[in-house]
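Each chain is listed here by its residues.
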Amino acid sequence: IKMMFVFGIILDPLLGTLSIFLGSFIALPISLLLLYKNKEKVIPFGPFLLIAMAIIYFTKLTPEAVVNFLTFK
């Protein structure tokens, strides 16, 4: 919760929410691989959120671009 609060301040609340979804898509194949290979049951989600936030921050994505993409404009 605290980390997502900081993401919302740094990026934007909409982009902070987008980082949750992007982090989930990044974490899915890696977590499936770790589950299959090592039988890991607990995989931290924070690093994947940080990677997603860095991708959004360094690509300079704007909330308007996200809304335009979602509404197909």
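The structure under discussion appears in the preceding block.
Rules of the game
Residues numbered from 1 in each chain as written. Predicted model: local features only at pLDDT ≥ 70, side-chain atom pairs only at ≥ 80, totals over all residues. Heavy atoms only, no water. Helix = DSSP H or I, 4+ residues; strand = E, 2+ residues; numbered from the N terminus. Buried < 20%, exposed > 50% of the residue type's maximum accessible area, 1.4 Å probe, protein only. Areas by Shrake-Rupley, 256 points an atom, 1.4 Å probe, with all protein chains shown as cover. Core = buried A, V, L, I, M, F, W, Y, C linked by side-chain atoms within 4.5 Å. Contact = heavy atoms within 4.5 Å. Arc of directions from axis to C-beta. Expected span 1.5 Å × (residues − 1). Patch = residues over 30% accessible without salt bridge, like charges linked within 9 Å, V, L, I, M, F, W, Y side chains within 5 Å. Salt bridge = Lys/Arg side-chain N within 4 Å of Asp/Glu carboxyl O.

Draft legend 1. Region of the structure containing the overall build of the protein. Secondary structure summary: the protein contains 4 helices and 0 strands in total. Counted from the first residue to the last, the protein has its helices and strands arranged as α-α-α-α. Across the 73 residues in the protein, those meeting the buried criterion constitute 22%. Here the protein displays about 5700 Å² of accessible surface, and carbon together with sulfur accounts for 76% of that area.

Draft legend 2. View of the nonpolar core. Judged by nonpolar contacts, M4, F7, L11, L15, L49, M53, I56 and V66 together constitute the single largest core of 8 residues. Where this core is concerned, the elements lending two or more residues are α1 (2-10) and α3 (46-58). With 3 residues, α3 is the single largest residue contributor to this core. Sequence-distant contacts of L11, that is, excluding residues within four places in its chain, are made with G16, M53, I56 and Y57.

Draft legend 3. Quick peek at α1. The complete set of buried residues in α1 reads M4, F7 and G8. For α1, the arc enclosing every buried residue in end-on projection is 100°, short of the 170-degree limit, so these residues lie on one face. Turned more than 90 degrees away from the buried face of α1 sit K2, F5 and I9, all of them exposed. Here the buried face of α1 lies against α2 (13-38) and α3.

Draft legend 4. Highlighting α3. When the terminal C-alpha atoms of α3 are compared, their 18 Å separation across 13 residues agrees well with the 18 Å that a helix rising 1.5 Å per residue should span. Restricting attention to buried positions, one finds in α3 the residues F48, L49, A52, M53 and I56. Viewed along the axis of α3, the buried residues span an arc of 140°, placing them on a single side of the element. Contacts from the buried residues of α3 go to α1 and α2. Where α3 ends, the next residue or the one after it, K60, has phi of about 55°, a positive value.

Draft legend 5. The arrangement of a nonpolar patch on the surface in detail. On the surface, a cluster of nonpolar side chains totalling about 680 Å² of accessible area is made up of F5, V6, I9, I10, Y57 and F58. Elements with a minimum of two residues in the nonpolar patch: α1 and α3. By residue number, the principal contributor to the nonpolar patch is α1, which donates 4 residues. Take Y57: it is sitting in helix α3.

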